[in-house]
Amino acid sequence: MTTVVQFTDETDGFDAVASVLTLARCGWRFIVVGTEANVGRITSQLIGAGVIEGEITVVVTEPPDIRAQRIRDVFCAHCHTVAEATVAVDGMVECPGCAAPLIVYHHYSRRQGAYLGFRADSEDMQ
Ligand SMILES: [Zn+2]
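Definitions and limits used
- Residues numbered from 1 in each chain as written.
- Predicted model: local features only at pLDDT ≥ 70, side-chain atom pairs only at ≥ 80, totals over all residues.
- Helix = DSSP H or I, 4+ residues; strand = E, 2+ residues; numbered from the N terminus.
- Contact = placed C-beta atoms within 7 Å.
- Pairing = 2+ DSSP bridges.
- Axes fitted to C-alpha atoms, helices over the stretch in contact; angles between N-to-C directions.
- Domains from an automatic or database assignment.
- Nonpolar A, V, L, I, M, F, W, Y, C, P; charged D, E, K, R; others polar.

## As for the overall build of the chain
Part 1: Along the chain, the regular secondary structure elements total two helices and seven strands.
Part 2: Reading the chain from its N end, one meets helices and strands in the order α-β-α-β-β-β-β-β-β.
Part 3: For the chain, the C-alpha atoms occupy an extent of roughly 55 × 30 × 25 Å along the three principal directions.
Part 4: In the chain, of all internal contacts separated by at least 6 residues, the share reaching a separation of at least 24 is 45%.

## Describing the sheet that holds strand 5 (residues 92–94)
Part 1: Here we have five strands laid out as an open sheet, ordered 4-3-7-6-5, and mixed in their pairing. Lying at the two open borders of the sheet, with one neighbouring strand each, are strand 4 (82–87) and strand 5. Taking the axes of each pair of neighbouring strands and ignoring which way they run, one obtains an average angle of 50° across the sheet.
Part 2: Examined bridge by bridge, strand 3 (residues 70–76) and strand 7 (residues 114–119) share three bridges and lie parallel to one another. Following the sheet pairing, Cys76 is matched in strand 7 by Gly117.
Part 3: Across the sheet, helix 2 (residues 36–48) touches strand 3, strand 4 and strand 7, and the angle it forms with strand 3 is around 40°.

## Re the environment of Glu94
Part 1: The residue Glu94 is located in strand 5 in this model.
Part 2: In sequence terms Glu94 and Gly117 are 23 residues apart; their C-alpha atoms lie 9.5 Å from each other.
Part 3: In contact with Glu94, other than residues within four places in its own chain, are Ala99 and Pro101.

## Side note on the domain arrangement of the chain
Part 1: Segmenting the chain into domains produces domain 1 (10–60) and domain 2 (70–119).
Part 2: Distance between the C-alpha centres of domain 1 and domain 2: 21 Å.
Part 3: Taken residue by residue, the interface counts nine residues in domain 1 and ten residues in domain 2.
Part 4: Tallied by class, residues from the side of domain 1 that touches domain 2 come to two nonpolar, four polar and three charged.

Structure follows, in structure tokens:
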């Protein structure tokens, strides 16, 4: 049996995935298809619900390009806010949680579904 959960609105998607997860049994596999940001968010939700990474296959519909300005989620290392930004990896964003200017680092957390962001001047701070 295959269950397909299709959505375009992020909030509906989280609810739909949560509903399917109540039915999930050992042996289920998950295939997540979509943009990088949406795949990351759903994968994070699955991992948070206890699905192990070996049970998840991701298919990103955008070409892999860390230099592309696109929607990415960024985890602030200083206040732990995860926020959406249109940015390239190595780009700069302002954290909406603490207003710190963040460098979007290459490190990507599947658990958080976000790139690590940290202050560019954090080593100079006293
Ligand atoms: Zn912050």
